[in-house]
Structure formats: C-alpha cells, structure tokens
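# Analysis of the macromolecular model
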Amino acid sequence: MPLIDFILHIDDHLVTIVNNFGAGTYWIIFAIIFIETGLVIFPFLPGDSLIFAAAAMAANPKYGLNVWLLYIVAAAAAIIGDSINYEIGKWSVTSGAKHSWFNKLINENDRLAAEKFFERHGSITIVIGRFIPFIRTFVPFISGGSKMHYQTFVIYNILGGLLWTALFTSIGYFFGNFPVVKGHFSLIVIGIILVSVVPILVVALKKKLTMRREQHFND
C-alpha cells in the first residue's frame, strides 16, 4: 500500500520532496503534522517518524534543512493542530452528534482507547498522549468533547507539543545519520511505533490483571 510504503521508507520519500520543493518542504512537513494532530480522521499519518527523518536530513548540509526551523515548524503544526482538534471535539458533542456522516468518520476503537487513557491519567494525558500513535490524535478531540477548560488544555498542549517535537528532532539530528540507522531505517520506524504503543499495552495489561483479581475475589 502507498501509505505503508511512505511510512516505512519516509527517508527516501523525504529526499524526493526536498529535491523537488526545496524550502517548500517545511510547509509539507507542517501540513502532514497538522493534519495528523488536527483532523481526528487521520490518526495514521507518521508524525514522529517524519520529524525523525527530517531532523536526520537537517544534520546533513547537502539537503539544506535547518534543524531549528524544522523544530519551530513541527512544534507549531502540532500545537495548532491539537487546538483545532479540541474545537472539533467541542463541536462534536453539540452539532456533530446530529450528523451521522461525522460519526462514521471516527474510528470507534481508537476513540474508546483514548477515552480510557484520558480517564486514567487526567489532564496530563494531553502531554503523554503526544508520544502514542493514534492516541495523540484523539486526546485533544476528547478534551474538547469533555468540555475541559481551554486555558488548562492550552498549557498542556503547548508543553506536550514542545516536548514531543524536541524529542524526535534531537534523536533524528544526532543519531539519524549513523550508518546502522541509515541502513535499517525501516526497522527504526517500526521500532518507534512499537515503543510508542508500549504505554497502551501496559495500561491494557494492568486493567486485565485488575479484572482477574476482582473476579478471583468474587469467586
């Protein structure tokens, strides 16, 4: 599938984008991260691996990417995207609920997983969720739907956006051009995804163990 190929070989595709669009690459990066974080129906876009790959290219002078500008662009896209997603979530519990077409666009399983994660960790989920694929797209949506105070959301949104972008920009910039990383980039991307999903698996495992204990005591 084209999307899977783009995600697993994002470094190769990014080279093509840089060669074709030059400075316009920043706008493309902004658009992809904004869409992933801002539009709740696109949780599958590769935000973290995109930042990682772009930062690795910024460390190589021949591509002409500035790592600080990349960081600013990616952080702005993440923060603005989450703010838009918050508004969509707020709208969804009023006007959105009346439109069946809107509900069909939402992945129910991903939404429920994000809701459970949010209920367990509270407002800090806005920061933690940044580092978890799919969850990060639904957390601001759920925050808006739960009528969280916007000022509270903005604080965690900015903090999460800056930390998430800084982490993958730094890792990509300092380690992305190591021969072992460049030679196994697809495995690195898969590794990023798997590591990001670990918190969800831990929460699910704890919940399952708790349910088993409760069932054992009831028996």
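Residues numbered from 1 in each chain as written. Predicted model: local features only at pLDDT ≥ 70, side-chain atom pairs only at ≥ 80, totals over all residues. Heavy atoms only, no water.

Operational definition: UniProt positions are given in the numbering used here, feature names are shortened, and annotations may be inferred rather than shown by experiment.
As annotated in an unreviewed UniProt entry, the protein chain carries the name Conserved hypothetical membrane protein and is attributed to Lactobacillus delbrueckii subsp. bulgaricus. For the protein chain, the Sequence similarities (unreviewed entry) comment in UniProt is given as "Belongs to the DedA family." Taken verbatim from the UniProt record of the protein chain, the Subcellular location (unreviewed entry) comment is "Cell membrane".

## Examining the packing of aromatic side chains
Applied cut-off: Ring geometry is summarised as follows: Phe, Tyr and Trp rings, the Trp one being its six-membered ring, pair when their centres sit within 6.5 Å, and such pairs are stacked at plane angles under 30 degrees, edge-to-face over 60 and tilted between the two. Strands here are runs of E lasting at least two residues and helices are runs of H or I lasting at least four, both read from the DSSP assignment and numbered beginning at the N terminus. Throughout this description, buried means an accessible area under 20% of the type-specific maximum (1.4 Å probe, protein chains only), exposed means over 50%, and partly exposed covers the range between.
Across all of its chains, the model carries seven aromatic pairs by this definition. Centroid distance Trp 164 to Phe 168: 6.4 Å. Interplanar angle 70°. Geometry classified as edge-to-face. Taken as a pair, Trp 164 and Phe 168 lie in helix H10 (residues 150-175) at a separation of four residues, close to a single helical turn. Across the pair, Phe 168 and Trp 164 agree in class, each one buried. One aromatic cluster in this structure is built from Trp 27, Phe 30 and Phe 34.

## Describing the nonpolar core
Side chains of nonpolar character tend, in soluble globular proteins, to be buried together. Note the threshold: The set of buried Ala, Val, Leu, Ile, Met, Phe, Trp, Tyr and Cys residues whose side-chain atoms join them within 4.5 Å is what this entry labels a nonpolar core. In what follows, residue pairs with any heavy atoms lying within 4.5 Å of each other are defined as contacts.
Residues Leu 14 and Ile 33 are the most contacted members of the largest nonpolar core, which totals 25 residues. Counting residues per element, this core draws most heavily on helix H4 (residues 47-58), at seven residues. Apart from the residues lying within four places of it in its own chain, the contact partners of Ile 33 are Leu 50, Ile 51, Ala 74, Ala 77, Ala 78 and Trp 164. Ile 126, Ile 132, Val 139 and Phe 153 belong to the second-largest nonpolar core, a separate cluster that totals seven residues.

## As for the packing of helix H5 (residues 67-92) against helix H9 (residues 135-145)
In plain terms, the rule: Angles here are taken between N-to-C directions and fall from 0 to 180 degrees, while the axes themselves are lines fitted to C-alpha atoms, restricted in helices to the stretch in contact. The scheme is simple: roughly parallel for angles under 35 degrees, roughly antiparallel for over 145, roughly perpendicular for 65 to 115, oblique for anything else. Working rule for handedness: look at the near helix, and if it is turned counterclockwise from the far one by less than a right angle, call the crossing left-handed; if clockwise, right-handed. Polar here means any residue other than Ala, Val, Leu, Ile, Met, Phe, Trp, Tyr, Cys and Pro, which are nonpolar, and Asp, Glu, Lys and Arg, which are charged; Gly is therefore polar.
At a minimum axis separation of 6 Å, H5 and H9 run at an interaxial angle of 50°. Considered as vectors, H5 and H9 are oriented oblique to each other. Regarding H5 and H9, the two cross each other, and that crossing is right-handed. Packed against H5, whose contacting residues are Asp 82, Asn 85, Tyr 86, Ile 88, Gly 89, Lys 90 and Ser 92, the element H9 presents Arg 136, Thr 137, Pro 140, Phe 141, Ser 143, Gly 144 and Gly 145 at the interface. Across the contact of H5 with H9, the residue classes break down as four nonpolar, seven polar and three charged.

## A closer look at the side chain of Asn 157
By secondary structure assignment, the location of Asn 157 is in helix H10. We classify Asn 157 as buried; its relative accessible area is 1%.

## Observations concerning H4
Put simply, the rule is: In a helix, the anticipated span is given by 1.5 Å times the number of residues less one.
The terminal C-alpha atoms of H4, which comprises twelve residues, lie 16 Å apart, in line with the 16 Å expected from a rise of 1.5 Å per residue. When you tally the buried positions in H4, you get twelve out of twelve residues, the bulk of the element. When H4 is considered as a whole, its buried residues turn out to be Gly 47, Asp 48, Ser 49, Leu 50, Ile 51, Phe 52, Ala 53, Ala 54, Ala 55, Ala 56, Met 57 and Ala 58.

## Quick notes on the UniProt feature "transmembrane region" (unreviewed entry) in the protein chain
In the numbering used here, UniProt assigns the feature "transmembrane region" (unreviewed entry) to residues 24-45, 65-84, 122-142, 154-175 and 187-205. Helix makes up 90% of residues 65-84 and strand 0%. Its end C-alpha atoms lie 27 Å apart. Helix makes up 100% of residues 154-175 and strand 0%, and the two end C-alpha atoms of the span are 31 Å apart.

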